[in-house]
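# Descriptive structure summary
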Amino acid sequence: MNRFEKAHFPAIKYLSKVIPIVFFVFLLVLFIRGINSVSATTEAKQMESLETALERSIAQCYAVEGAYPSDLNYLTSHYGLTYDHEKYIVNYTYYGSNIYPEYIVLHRTGIIMID
């Protein structure tokens, strides 16, 4: 060994190669978690927007016609309510022309098998 050359320790060589990889993986995990968080927030806002659109369409129908809509198809055809049928399930329950209908908006998560 040359007396002017510094001795290289194998651990330092190993760490100098591993630390950038670990840092990159850490940043990648943070990025993926951030995307998932934004996606979940977006889905919640979309669901909230659909519920607001339902409330407004029902109220507009009652204000214009003096009766609540008998079904969801009436709102979509006469009041322009649109939503993604493959993404959301809307359970609409009509009780009468002067009673506010109940509705539940559910996020469709997979295939539903009904026998």
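Residues numbered from 1 in each chain as written. Predicted model: local features only at pLDDT ≥ 70, side-chain atom pairs only at ≥ 80, totals over all residues. Heavy atoms only, no water.

### Description of the overall build of the chain
Broken down by element type, the chain carries two helices and two strands. Taken from the N to the C terminus, the helices and strands of the chain come in the order α-α-β-β. For the chain, the proportion of its 115 residues judged to be buried stands at 17%. Long-range pairs, those at least 24 residues apart, make up 41% of the contacts in the chain with a sequence separation of at least 6. With the model as given, the accessible surface of the chain reaches about 9,400 Å², and the carbon-plus-sulfur share is 61%. (Helix = DSSP H or I, 4+ residues; strand = E, 2+ residues; numbered from the N terminus. Buried < 20%, exposed > 50% of the residue type's maximum accessible area, 1.4 Å probe, protein only. Contact = heavy atoms within 4.5 Å. Areas by Shrake-Rupley, 256 points an atom, 1.4 Å probe, with all protein chains shown as cover.)

### A look at the packing of aromatic side chains
Centre-to-centre distance and the angle between the planes together describe a pair of aromatic rings. In the structure shown here, the tally under the stated rule is three aromatic pairs. Between Tyr-68 and Tyr-100, the aromatic rings sit 5.4 Å apart at their centres with planes inclined by 85°, giving edge-to-face as the arrangement. You can see Tyr-68 sitting in the loop between helix H1 (10–65) and helix H2 (72–78) and its partner Tyr-100 sitting in the loop between strand S1 (88–93) and strand S2 (102–107), a full 32 residues away along the chain. Overall, the relative accessible area of 15% leaves Tyr-68 in the buried class. Taken together, a centroid distance of 6.3 Å and an interplanar angle of 55° make the contact between Tyr-74 and Tyr-79 tilted. According to the relative accessible area criterion, Tyr-79 is buried, its value standing at 17%. Taken together, the ring pairs connect Tyr-62, Tyr-68 and Tyr-100 into an aromatic cluster. (Phe/Tyr/Trp six-rings, centres within 6.5 Å; stacked < 30°, edge-to-face > 60°.)

### Side note on the nonpolar core
Leu-54, Leu-72, Leu-75, Val-90 and Val-105 are the most contacted members of the largest nonpolar core, which has 15 residues in total. Sort the elements by how many residues they give to this core and H1 lands first, with four residues. If we skip the residues at most four places from it in the chain, Val-90 touches Leu-50, Leu-54, Leu-72, Tyr-83, Ile-104 and Val-105. (Core = buried A, V, L, I, M, F, W, Y, C linked by side-chain atoms within 4.5 Å.)

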